[in-house]
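Structural characterization, general
The lines below spell out each chain.
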Amino acid sequence: MSKIKILVTGASGLVGSRFVELAKNYQFCTPEFPKFDITDEKSVKNIISEFNPEWIINFAAFTDVNAAESQMGDENGSVWKINVEGTNNLVKAFPSKKIIQISTDMVFPGNEATPGPYAENDKTPDVKDYLTWYGWTKNRAEKIILNHGGSILRIIYPVRAHYDTKLDYLRGPLKKFSEGTIYPLFNDQQVCIAFIDQIAETIQRIIDTDNSGIFHCSSDTTTPYELISYAVDKLGGDASTIKQISVYEFLKTQTNKNRYPVWGGLKTVKTEEKLDLHYYTWQTIVEILIAQGLSLN
Ligand SMILES: NC(=O)c1ccc[n+]([C@@H]2O[C@H](COP(=O)([O-])OP(=O)(O)OC[C@H]3O[C@@H](n4cnc5c(N)ncnc54)[C@H](OP(=O)(O)O)[C@@H]3O)[C@@H](O)[C@H]2O)c1
């Protein structure tokens, strides 16, 4: 039987590269930036007509949330062009609904008025007021995909045991801990992590069952302090040296309050039911990553 043909954008990134590594039963086309640029309508059209994919998984994005803030409101900037116009180029060139957009909990504000963790069918805001610029551009990209009839997979702080190009939400602080430069961690900010191996499993399940809709992949909720202390402890470090701070105290010193959502996170009940999956707790994810080679070095 011939393999399903999948165009994967952003296949060299933190999440996409692990998906391509783990998902063995497909025929992939993984064009790399800058040779392939989703902001270039012609380049998108050409690759789609040449490869003729059955599915597209869009991992490509401008993902540096801090850097994106300096482009707030700029629809001529690279964040808007990649995240919104790039997504639009994909759907314009691909009439099929078999497109999965990788998205984020940051499409929601994560504030006290409308707190997470968010369910798959919770309504995302139609105004950018309480979102980061990154979050707003990903929010607009979701609208484009949903209007087209495509699917959304929201993830949050994706983590894996190894990836040299970029540190993630666990490996970043663990490196700082090892170097003795760890900053005080929030003990009252609600966050989740997503095990990238389970993100890969989720995408495969959507494809193999020919599913569609809005999906979430996430652990249960924790705080950065609890998460990193647990990992350090499991790795044999002295977690009692890690300082803690309230996110509310920290926010008093910040002008850009939207950058640090206090009540983030994703619920996964509907996705787990629909796809017959079970996502690990954050503790189990840490333990599996350690078994896969996550270390303090
Ligand atoms: N990391 C997180 O904390 C997080 C959390 C929630 C959701 N997400 C979402 O998950 C997806 C994957 O994130 P990630 O962490 O894997 O991101 P990443 O490591 O930054 O990878 C992004 C990928 O997109 C490519 N890319 C950037 N601009 C492009 C363009 N104009 N045309 C084509 N490709 C382009 C990059 O290529 P180069 O490497 O060559 O630039 C890279 O392969 C994104 O949609 C992101 O919004 C990430």
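Residues numbered from 1 in each chain as written. Predicted model: local features only at pLDDT ≥ 70, side-chain atom pairs only at ≥ 80, totals over all residues. Heavy atoms only, no water.

Take the overall build of the protein next. In terms of regular secondary structure, the protein is built from 11 helices and 10 strands. For 297 residues, the compact-globule estimate of 2.2 N^0.38 gives 19 Å, and the protein sits close to it at 19 Å. Overall, the C-alpha framework of the protein stretches about 55 × 40 × 35 Å when taken along its three principal axes. Counting across all 297 residues of the protein, residues that qualify as buried make up 53%. Put simply, 77% of the contacts in the protein that link residues at least 6 apart link residues at least 24 apart. (Helix = DSSP H or I, 4+ residues; strand = E, 2+ residues; numbered from the N terminus. Rg over C-alpha atoms; globule rule 2.2 N^0.38 Å. Buried < 20%, exposed > 50% of the residue type's maximum accessible area, 1.4 Å probe, protein only. Contact = heavy atoms within 4.5 Å.)

Evaluated as defined, the whole model comprises 11 aromatic pairs. Judged by centre distance (5.0 Å) and plane angle (80 degrees), the rings of phenylalanine 250 and tyrosine 260 are edge-to-face. Of this pair, phenylalanine 250 sits in helix H9 (residues 247-251) while tyrosine 260 sits in the loop between H9 and helix H10 (269-275), and the two are 10 residues apart along the sequence. Phenylalanine 250 gets classed as partly exposed once you look at its relative accessible area, which sits at 22%. According to the relative accessible area criterion, tyrosine 260 is partly exposed, its value standing at 21%. These aromatic residues form a ring-pair network of at least three members: Phe19, Tyr26, Phe28 and Phe59. Seen from the ring of phenylalanine 51, lysine 5 lies directly overhead, with NZ or CZ sitting 4.9 Å from the centre. Stacked on the ring of tyrosine 260, the Lys or Arg arginine 259 has its end atom at 5.3 Å from the ring centre. (Phe/Tyr/Trp six-rings, centres within 6.5 Å; stacked < 30°, edge-to-face > 60°. Lys NZ or Arg CZ within 6 Å of the ring centre and 35° of its normal.)

Around the ligand, the structure places 23 residues, and the nearest of them are Ser12, Asp37, Thr63, Tyr134 and Lys138. Between serine 12 and the ligand, the recorded distance is 2.7 Å, taken from a side-chain N or O atom to an oxygen atom. In isolation the ligand exposes 910 Å². Once the protein is present, 83% of that is buried. Counting only elements with at least two residues in the shell around the ligand, the list comes to strand E4 (99-104) and helix H5 (133-148). Take the shell around the ligand: its biggest share by element is three residues, from E4. A per-class count over the shell around the ligand returns 14 nonpolar, six polar and three charged. (Near = heavy atom within 4 Å. Polar contact = N/O pair within 3.5 Å; in protein donor to acceptor, adjacent residues only side chain to side chain. Areas by Shrake-Rupley, 256 points an atom, 1.4 Å probe, with all protein chains shown as cover. Nonpolar A, V, L, I, M, F, W, Y, C, P; charged D, E, K, R; others polar.)

For the rest of this paragraph, the subject is the state of the cysteines. This structure, assessed with the given rule, holds zero disulfides. Between cysteine 192, a cysteine without a disulfide, and cysteine 217, which holds the nearest cysteine sulfur, the sulfur-to-sulfur distance is 11 Å. You can call cysteine 217 buried: its relative accessible area is 1%. (Disulfide = S-S within 2.5 Å.)

Ser43, Val44, Ile47, Ile48 and Phe51 are the residues of helix H2 (residues 41-51) that are buried. Within H2, the buried residues cover an arc of 125 degrees as seen down the axis, which keeps them to one side. Exposed and facing more than 90 degrees away from the buried side of H2 are Lys42, Ser49 and Glu50. At its buried positions, H2 is contacted by strand E1 (4-9), strand E2 (26-29), strand E3 (55-58) and helix H4 (78-93). Near the N-terminus of H2, the side chain that reaches the backbone nitrogen of lysine 42, with its oxygen 3.1 Å away, is that of aspartate 40. Of the residues one or two after H2, asparagine 52 is the one with positive phi, at around 55 degrees. (Arc of directions from axis to C-beta.)

This next bit is on unusual backbone geometry. Here the amide bond leading from phenylalanine 33 into proline 34 is cis, since omega sits at 5 degrees, within 30 degrees of zero. Summarising the element assignment, proline 34 is placed in the loop between E2 and H2. In this chain, glycine 116 is followed by proline 117 through a cis amide linkage whose omega measures 0 degrees. Positionally, proline 117 belongs in the loop between E4 and H5. You will see that asparagine 52, though not glycine, has its phi angle at about 55 degrees, which is positive. With respect to the helices and strands, asparagine 52 occurs in the loop between H2 and E3. Residue asparagine 52 is classed as exposed on the basis of its relative accessible area of 54%. The phi dihedral of aspartate 276 falls on the positive side, at around 55 degrees, and the residue is not glycine.

Glancing now at the pairing of strand E5 (residues 151-155). Judged by how many residues are buried, E5 sits mostly within the fold: five of five residues are covered. The alternating pattern of E5 places Ser151, Leu153 and Ile155 and Ile152 and Arg154 on opposite faces, both of which are buried. Sheet topology places E4 next to E5; five bridges connect them, and they run parallel. Opposite isoleucine 102, over in E5, you have leucine 153 as the bridge partner. Remark: the E4/H5/E5 crossover connection has right-handed handedness. Summarising the sheet, E5 and strand E9 (residues 214-217) pair through four bridges and their orientation is parallel. Pairing of leucine 153 across the sheet is with phenylalanine 215, part of E9. (Pairing = 2+ DSSP bridges. Right-handed = clockwise from strand over helix to strand, strands pointing away.)

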